[in-house]
Amino acid sequence: MQIQQNMEGALTARDRVGIQDFVLLDETTEEAFMNNLQKRFSNDLIYTYIGTLLVSLNPYKELDIYNQKQMDIYMGVNFFELPPHIYALADNAYHTMLTEYNNHFILISGESGAGKTEASKKILQYYAVSCPSTTLLNTVRDKMLMSNPVLEAFGNAKTLKNDNSSRFGKYMDIQFDSQGDAVGGHILNYLLEKSRVVHQNHGERNFHIFYQLVEGAGDDLLQRLGLERDCQLYKYLTQGECAIVPSINDRNDWKTVKNALQVININESDNNDLFSIVASVLHLGNLKFSPDGKGLATLSSSSEELRWVSNLLGVEAQKLHEGFTFRKIEAKNDQILSPFTIDHAIYARDALAKAIYGQTFTWLVNRINESMENTDPSRKTVIGLLDIYGFEVFYVNSFEQFCINYCNEKLQQLFIQLTLKAEQEEYEAEGIEWEPVQFFNNKIICDLVEEKHRGIIAILDEECLRPGEATDLTFLERLEDKMANHPHFVTHKLADKMTRKTLERGDFRLLHYAGEVTYCVVGFLDKNNDLLYRNIKDLMCQSKNAIIQECFLTSDSENRKRPETVATQFKSSLLKLTEILMAKEAWYIRCLKSNESKEKGQFDEALIRHQVKYLGLMEHLRVRRAGFAYRRRYDVFLQRYKPLCPATWPHWRGDPAEGVEVLVQHLGYLPNEYKMGRNKIFIRHPRTLYATEDAFEKCKHELATRLQAKYRGYRAKGEFKKQKEAATKIETCWRGVQARKERQKRAWAVKVIKQFIKGYMTRGQAKSTDNSEYLAFVRQHFLSRLKENLPKTVLDKTSWYSPPPVCSETSEILRKLHYRILVRKYVRGITPQRKAQLQLKLVASTLFKGKKESYPQSVAQPFVDTRLNEQDINPRVIQMIRNEHIKYSVPVIKYDRNGFKPRPRQMILTQTAAYLVEEAKIKQRVLYTSLKGISVSSLTDGIVAFHITCEDPKQKGDLVMQCDYLFEFLTKLSIIANKHNAIKVVQGSIKTEVQAGKEGGVDFSIGQEPMVYKGKNGHLMVVTTRTRTR
Ligand SMILES: Nc1ncnc2c1ncn2[C@@H]1O[C@H](COP(=O)(O)OP(=O)(O)OP(=O)(O)O)[C@@H](O)[C@H]1O
Ligand SMILES: [Mg+2]
C-alpha cells in the first residue's frame, strides 16, 4: 500500500510538468496548446487529456509506463485522479460499460505512424490483465492477443511513414459478460492494400509475412515450398530495395507468428496450405514472360517457377500456363482463347497474386473470428477498438492512398458528428445558452468522394463500367468536368498558375481535412475493377489447396454478375462501420506523430501543429471548455444518483427535472457547474461528476449494507415466522395425538371401570364373562396383598388378611398352610435345650397357669438345670447321698415348725428323695414316697408346703419353705418325683401337720410389703404384694 502510494506520488509529481488536461489551460490558443504538449513531451509525458479525449504523442521510444504495476495503479480508479494514461481511458470505458450496461468503442485516429496500432494493442493488453479471468476465458484472451501478430504479419508492412504500417483497417469487438469477463471477440477487416503484394515503392516492403517466411522458416519448410533463404531472389520482395530493415527482426517475428497461429487453432494442414499460398505468391512474382515473334507473351512451360506455383496451389501447370498467356472470351456458345501481350500476362499474374493473397487474408480473419467466437447466447456488452490505416501522403499517391485517406476523412466526419456538431446541436436542442464554436466540417470532402452519381467514386465506377475505351486519363477528364468548381478538388487543368506548377497532367489533388494530397490516376481503373481473368478464377476453383478452395467458390465464379468495384465495396463497408460505431458510446484517442523520421524524443513543431490543426483538437478543446463535460437525461441521472439525497430516495414522485434540481442542490453543485436543459442536466467539469460518482460509490456500499441488513432481518423474520408456524403445527399435531390417546385411554378406562363395576356387582355369582376378570383381579389383588402381609410369627393369630368371599376357602387353606410352615420353621429352629426347657415350662404351665398369681411373671424366666453347683454343696453331704444322683438343688428358706424362724437351707432333689441340708448336715430327708402333697398359695409369694406322711415317727412333720425359684423347683420336683398330681395351688390358708396330730397352717394376706411372721393364731403369716400390672 505504502509502496503504491509512493509510486503514485512519484507518478503525479513527475506528471506535474505542464497541464494534464488541456481544458485547464489558462488560454485556449494554439501557442499555449503546443507549449503544453512540448513541455510534457520533453519529459516523456506523451499523454494529455482534452476532457475525456486522450491525446497521445508518439515518443518513438520504449517508455516504462506499460508494465503490470502501472496497470494495477489504473485499475478501477477515477479518470481524473491519476495522470493521463491510455489505461485510464481503457479502464473508464470498461467501468462505464459495466455500470451503464451499454456498448462502447474507442476510436483511435491519427496519421500513419502516429501510434494507433500500438495504442490498440496496449488497450487489449490492459483488458487481458485487468479483467477477471478463468482458464476458459484465458484461452479466449490469448486468442484475442495472439490475433495481433498474425494479422500484423499478413496485413502490415514497412512503409516510408511507418515500419509497421497497417495496410488494412481493423475493427475489433471485445465482448464482455455481465461480470466484466472478456468472453469473446470479433474482427471486421477493411480493404487490404493488395497492390503491395506485387509492387512496393522505393523504401517500402511487402507484407511482413513474406520476409518472415524466407528468413525464419526451417530449411525443411523452405525446401518443401521451393524457396531459398534469400529475399533478394524474389521479385515481389525487392522492388522497394529494402528487404532487410534494422528495426525489424523477421526471424523472431516468424517464431511469434508460428506460435500465434497455433493459439488461434490453425492446424498443421491449414498451416501447410497457408504457407503454400504465401510461397506461391513469391514464385508467381518470379514468373517471367518473354515476347514471341508477334510480341505475344510466352512462358517456358518447363519454367520451374510455374511448376512450383501449380504444385503449391494444387492446380494443373498447363492450365495455369494457359491462364497467364491467354484470355478466354465467351462469344455466344463458343469460347475463344485470345493470347496476351506481355503487359496483359503480367497483369494476369499480378492479379492472381493479389487475389489469392487478399482472399487468404480474409480467410485468416474468419478463422480468427471462429476461434474467438463466443456461442453463449446471453447478452454481452462490447468495447470496440478501431485501428485503421492512418492518413498518409506519399510522393506518389495512388488508388490505395485515395481509399485510405477517404476512410480517414469518414472517421473525421464521424468524430465531428459525435463531438463538435452533435454537441453544439444538443446544446441548441436543450436550450442551453451557448457561444457557437467554429470548426471545419469535412463533410464537403466526404461528399466530394462518395456522393451518389456525382462523387469521385461514382465517376470512377462509371468509367470502369463504361463500354468503349475508358482509361485512367478519361476518368481524370470526367472528374475535371464534374468537379470543376469544387473548392477541395484541383487538377493541372483546373489549377491556377501557381498551383499548376506543383501538379502533373495525370494528377488530381484533394484538399483533405488533413492536408493536400496529390493522386496519380494511373492504375485507378484497374485497381478499382480488381479483375481476375475468368479462366484463372475457374482454375482456382479447382485448386487442391483447401484454403484456395474455400476462398474461390465455384458458385461465385459462375455468377456472371459483375462484382461491385473495390471503391464501392469500401464505401459501403465504411458506411456500415459508421452505423456500428454510431450505435455505441464513443471514446477517442487522437494519436500524433512527433516527427517524420521516427526519431526518438524529437518534437517537430510544424508537423505536430499541423496535426493538431487538422485533427480539430483546438476546436474540440474550445467546445469542451465552453461546454459541459457530461450530460444525462434527468430520469437517468436521477435514477442513478437518487440515493445521495434523502428527498429523492427511495422514490421521487414528481417531475424528474425537479428531482434532479433538488438532488444537485443537496449535493452542493455551484450554479456555474451545471445547467438544466430541456431534458438533460449538463455538468460542466468532469470533477463535479466524479465527486458525485465517488459519493455514489460510497453510498452504494452503505446502501448495500443497509439493504443487506434489512434483507437479512426480513429473512430472519421470515425464518422465525416459518419456525413458529412449524412449532405451532407440531404442537397442534402433538396435541391431537395426545388428545386421541387420551380419548382412547378414557374409552378404555370407561370400559374397564364398567366391567369392574359389573364384575363387582356380580362378584357373588358364579363365574361368568361379566365377573371373571373382576374375580381374577380380586384374587390376584388378594394374593398379592396377602403376600405382603403374611403373619411373621406363629403367635400372630390375628393379622391374617381377611379374604374376599371368593377367596375365603383358599384363604383358609393358605392360612393353615402358612401356620404349618411357620410352626415347622419354629420347631426346626428350636435347640434340644430349648425343647427341654419348653417341656418343663409346659409342665409348669399345667401346674400353675391360671392358678397362681405370680405365675405369668415366671414364664419369661428360663429354668436352669440347678441353682446350686456341686461346689456350693458341702462335700460331706455329697458324700452322704452319693448313691443317689443329684437332679436339682436350690437354696430355700425353711421356717421352723415352732416359732417359724426362717433358716436358710439347701434343697437337693435326688432320684428318690428331697434333702433339706444345712451346711454339712442333712436336716431332713423326704422320701418321695412319703411326700403326700405339696401346697402353694394362689398369691405372689414363694411359700411351699411339703405334706409328709407322718407314719414314720422320725419324720418331723410338714415342711414350710420359701423358695425364690418356686415354679422351677416345683416343676422339677413334679417330674423327678413324679408328683404331678400332688402339687396343689391352695386358695386361702395352707393346712399343715406340724407333728403327728398337731395341726398348723400358713395364712396369707395381701399388703404393702411382703412379710413373714408368726401370727397370733400360731399360724405362719405371709403378707404378699399384688403383682403390679403393667
Ligand atoms: N506508445 C508508444 N511508445 C513507444 N513507441 C511507439 C508508441 N506508439 C507508437 N510507437 C512507435 O511508432 C511506430 C508506429 O506506430 P503504429 O504502428 O502504432 O502507428 P499507426 O498509427 O498504427 O500507423 P499506421 O497508420 O501506419 O498503421 C511503432 O512501431 C513504434 O515504434
Ligand atoms: Mg497501424
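Keep in mind the model is a prediction, meaning the values are calculated, not measured.

How each quantity is defined
Residues numbered from 1 in each chain as written. Chains lettered and ligands numbered in written order. Predicted model: local features only at pLDDT ≥ 70, side-chain atom pairs only at ≥ 80, totals over all residues. Heavy atoms only, no water. Helix = DSSP H or I, 4+ residues; strand = E, 2+ residues; numbered from the N terminus. Rg over C-alpha atoms; globule rule 2.2 N^0.38 Å. Buried < 20%, exposed > 50% of the residue type's maximum accessible area, 1.4 Å probe, protein only. Contact = heavy atoms within 4.5 Å. Areas by Shrake-Rupley, 256 points an atom, 1.4 Å probe, with all protein chains shown as cover. Donors = N, O, S within 2.8 Å, 3.2 Å for Na, K, Ca; no water. Pairing = 2+ DSSP bridges. Polar contact = N/O pair within 3.5 Å; in protein donor to acceptor, adjacent residues only side chain to side chain. pLDDT = per-residue confidence, 0-100. Lys, Arg positive; Asp, Glu negative; His and termini not counted. Salt bridge = Lys/Arg side-chain N within 4 Å of Asp/Glu carboxyl O. Near = heavy atom within 4 Å. Disulfide = S-S within 2.5 Å. Core = buried A, V, L, I, M, F, W, Y, C linked by side-chain atoms within 4.5 Å. Axes fitted to C-alpha atoms, helices over the stretch in contact; angles between N-to-C directions. Parallel < 35°, antiparallel > 145°, perpendicular 65-115°, else oblique.

All right, on to the overall build of the protein chain then. Along the backbone of the protein chain there are 36 helices and 31 strands. Since a compact globule built from 1030 residues should have a radius of gyration of about 31 Å, the 71 Å found for the protein chain marks it as more spread out than a globular shape. With the principal axes as the frame, the protein chain shows a C-alpha extent of 215 × 80 × 70 Å. Residue burial in the protein chain is summarised as follows: out of 1030 residues, 50% are buried. Contacts in the protein chain between residues at least 24 apart in sequence constitute 64% of all its contacts with a sequence separation of at least 6. Total accessible area on the protein chain stands at roughly 52,300 Å², and carbon and sulfur atoms take up 52% of it.

Moving on: the coordination of the magnesium ion (ligand 2). Bound to the magnesium ion (ligand 2) are the protein donor atoms Thr117 (OG1) and Ser166 (OG), situated 1.9 to 2.0 Å from the metal. Of this pair, threonine 117 sits in helix α5 (residues 116-130) while serine 166 is found in strand β5 (residues 165-166), placing the two residues 49 residues apart along the sequence. The exposure classification of threonine 117 matches that of serine 166, with both residues buried.

What follows deals with the pairing of strand β1 (residues 47-50). Neither face of β1 is open: one carries Tyr47 and Tyr49, the other Thr48 and Ile50, and all of them are buried. Alignment of β1 against strand β2 (residues 53-57), held across 4 bridges, turns out to be antiparallel. Within the sheet, the bridge partner assigned to tyrosine 49 lies in β2 and is leucine 54. Two successive antiparallel strands, β1 and β2, enclose a turn made up of 2 residues, where glycine 51 displays a positive phi of approximately 65°.

Turning to helix α13 (residues 304-313), a few remarks are in order. Of all the positions in α13, only Leu306, Trp308, Val309, Ser310, Leu312 and Leu313 are classed as buried. Elements in contact with the buried residues of α13: α9 (219-225), α12 (268-285), α14 (317-325), α15 (342-372), α22 (534-541) and α23 (546-551). A distance of 3.3 Å separates the backbone nitrogen of glutamate 305 from a side-chain oxygen at the start of α13, and that oxygen is part of serine 303. Following α13 by one or two positions, glycine 314 adopts a phi angle in the positive range, close to 65°.

Now for the confidence of the model for the protein chain. Here the protein chain averages 88 in pLDDT, and 96% of its residues register 70 or above. Across residues 1-14, where pLDDT falls below 50, the model places 13 contacts with residues more than four positions away in sequence or in other chains.

Locating lysine 642 in the fold gives a position in the loop between α28 (634-641) and α29 (656-667). Nearest to the buried, unbridged lysine 642 among oppositely charged side chains is aspartate 635, at 11 Å. A polar atom in the side chain of lysine 642 sits 3.0 Å from the backbone oxygen of proline 650. Not counting residues within four places of it along the chain, the set of residues in contact with lysine 642 comprises Thr648, Trp649, Pro650, His651 and Leu663.

For the rest of this paragraph, the subject is the site of ligand 1. Taken together, 20 residues lie near ligand 1, and Ser112, Gly113, Lys116, Thr117 and Ser165 sit nearest. A distance of 2.5 Å is found between an oxygen atom of ligand 1 and a side-chain nitrogen or oxygen belonging to serine 165. Taking glycine 390, its main chain carries an N or O atom lying 2.8 Å from an oxygen atom of ligand 1. For ligand 1, the accessible surface in isolation is 620 Å², of which the surrounding protein chains cover 88%. Going through the elements one at a time, α5 and β5 are the ones with two or more residues in the shell around ligand 1.

Further remarks concern the state of the cysteines. Evaluated as defined, the whole model comprises 0 disulfides. Between cysteine 242, a cysteine without a disulfide, and cysteine 231, which holds the nearest cysteine sulfur, the sulfur-to-sulfur distance is 11 Å.

We now examine the nonpolar core. With 184 residues, the main nonpolar core has Ile106, Tyr127, Phe210, Phe324 and Phe508 as its most contacted residues. With 14 residues, α15 is the single largest residue contributor to this core. Ala844, Val944, Phe969 and Ala977 belong to the second largest nonpolar core, which has 32 residues in total.

Now for the packing of α14 against α15. For the pair α14 and α15, interaxial distance at closest approach is 7 Å and the crossing angle is 120°. With respect to each other, α14 and α15 are oriented oblique. Contact residues: α14 offers Leu320, Gly323 and Phe324, while α15 offers Ala345, Ala348, Arg349 and Leu352.

To summarise the sheet geometry, strands pair through backbone hydrogen bonds and adopt either a parallel or an antiparallel arrangement. Judged by pairing direction, the sheet is mixed, and its 4 strands sit side by side in the order β28-β29-β31-β30 without closing on themselves. Edge positions in the open sheet fall to β28 (990-995) and β30 (1011-1014), since each of these has one partner strand only. Strand-to-strand, the axes of this sheet are offset by a mean angle of 25°, without reference to chain direction. Sheet analysis places β30 next to strand β31 (residues 1020-1024), joined by 4 bridges and oriented antiparallel. Its bridge partner lying in β31, lysine 1014 is registered against leucine 1020.

A few words now on the pattern of salt bridges. The final tally for this structure, using the stated rule, is 46 salt bridges. Note that glutamate 463 is salt-bridged to arginine 466, the shortest N-O span being 2.9 Å. Its relative accessible area of 1% is what places glutamate 463 among the buried residues. Taking the relative accessible area as the measure of exposure, arginine 466 reaches 32% and is therefore partly exposed. A salt bridge links glutamate 993 to lysine 932, with the nearest nitrogen and oxygen atoms 3.6 Å apart. Residue glutamate 993 is located in strand β28, and its partner lysine 932 is located in strand β24 (residues 931-937); the two are separated by 61 residues in the primary sequence. Connected via shared salt-bridge partners are Arg167, Glu193, Arg196, Glu204 and Glu392.

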